[in-house]
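One-letter residues, chain by chain:
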Amino acid sequence: MHTALITGSFDPITVGHMQLVETASRLFDEVYLLICANTEKMSGAFHPEDRAAIARKAVEKYANVNVAVCGGLVSDFAKQVGAKYLVRGLRSGVDFDYEYDLAGIMKRFDSSLETIFLPADPNLACVSATYVRDLLKYGCTLEGSVPAGCEEMILELYRKNHE
């Protein structure tokens, strides 16, 4: 069985992240969308458990995709679930440089972990969680930036956290 992790902060999950989920769900038997967060402190626009709730709603149509929160080492989580692959998205050359270095670091923690790079759809390359947080901050629509069916949940949680 081939198990992969898609790691990130997912603060919040975007349509670009969902492109990775869609592809990974076809390539691997089991996929974990792993929300990496320091659970000892609150940072970002959404609490890690809120990010997980949004992500669960976003991936509910994929039977082989699970969502989890990780406050520790990704390599430890990978061992726990038997994952041997990390799936990382690339929007630009800047992303490649960062992700290439990160793949090298991950090899130091677990030499059996292979990083798979997937290029973003050019139409989605400008969509990032930072962009979505800016849309939220300025009261703009999230349509086309976050997974279908998740916009209201994201708006509600954002309002709750920023009142």
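Right, let's walk through the structure included here. (Residues numbered from 1 in each chain as written. Predicted model: local features only at pLDDT ≥ 70, side-chain atom pairs only at ≥ 80, totals over all residues. Heavy atoms only, no water.)

Attention now goes to the pairing of strand β5 (residues 114-119). Inspection of the sheet shows strand β4 (residues 85-90) paired to β5 by six bridges, in the parallel sense. Across the sheet, the residue bridging to Tyr-85 is Glu-114, located in β5. Handedness of the crossover joining β4 and β5 through helix α4 (residues 93-109) is recorded here as right-handed. (Pairing = 2+ DSSP bridges. Helix = DSSP H or I, 4+ residues; strand = E, 2+ residues; numbered from the N terminus. Right-handed = clockwise from strand over helix to strand, strands pointing away.)

All right, on to the pattern of salt bridges then. A full pass over the atoms with the stated rule returns six salt bridges. The salt bridge partner of Arg-26 is Glu-22, with a shortest N-O separation of 3.4 Å. Of this pair, Arg-26 and Glu-22 both sit in helix α1 (residues 15-27), four residues apart, which is roughly one turn of that helix. What makes Glu-22 partly exposed here is its relative accessible area of 30%. Of the charged contacts in the structure, one is a salt bridge between Glu-99 and Arg-88, with a shortest N-O distance of 2.7 Å. Residue Glu-99 is found in helix α4, and its partner Arg-88 is found in strand β4; the two are separated by 11 residues along the sequence. The class of Glu-99 is buried, set by a relative accessible area of 7%. Within the structure, one salt-bridge network assembled from shared partners comprises Asp-11, Arg-51 and Arg-133. (Salt bridge = Lys/Arg side-chain N within 4 Å of Asp/Glu carboxyl O. Buried < 20%, exposed > 50% of the residue type's maximum accessible area, 1.4 Å probe, protein only.)

This part covers the sheet that holds strand β1 (residues 3-8). The parallel open sheet is built from five strands, whose spatial order is β3-β2-β1-β4-β5. Two strands in the sheet have a free side with no partner beyond their single neighbour: β3 (65-70) and β5. Within this sheet the neighbouring strands show an average axis-to-axis angle of 30°, counted without direction. Strands β1, β2 (30-36), β3, β4 and β5 of the sheet are contacted by α1, whose axis makes an angle of about 140° with β4. Lying over the sheet, helix α2 (residues 48-59) contacts β2 and β3, oriented at roughly 175° with respect to β3. (Axes fitted to C-alpha atoms, helices over the stretch in contact; angles between N-to-C directions. Contact = heavy atoms within 4.5 Å.)

This structure, assessed with the given rule, holds five aromatic pairs. With centroids separated by 6.1 Å and ring planes inclined at 55°, the aromatic side chains of Phe-46 and Tyr-158 adopt a geometry described as tilted. On the criterion of sequence distance, the pair formed by Phe-46 in the loop between β2 and α2 and Tyr-158 in helix α6 (residues 151-161) is long-range, its members being 112 residues apart. Considered together, Phe-46 and Tyr-158 belong to a single accessibility category, that of buried residues. Taken together through their ring pairs, the aromatic side chains of Phe-96, Tyr-100 and Phe-117 make up a single cluster. (Phe/Tyr/Trp six-rings, centres within 6.5 Å; stacked < 30°, edge-to-face > 60°.)

What follows deals with the side chain of Thr-3. With respect to the helices and strands, the residue Thr-3 is situated in strand β1. Classification of Thr-3 as buried rests on a relative accessible area of 4%. Not counting residues within four places of it along the chain, the set of residues in contact with Thr-3 comprises Glu-30, Tyr-32, Val-81, Gly-82, Ala-83, Lys-84 and Tyr-85.

Take the environment of Leu-113 next. Within the secondary structure, Leu-113 sits in the loop between α4 and β5. Along the chain, Leu-113 and Ala-4 lie 109 residues apart, while their C-alpha atoms are 9.5 Å from each other. Leaving out residues up to four positions away in the same chain, Leu-113 has contacts with Ser-75, Ala-78, Ala-83, Lys-84, Tyr-85, Leu-86, Met-106 and Lys-107.

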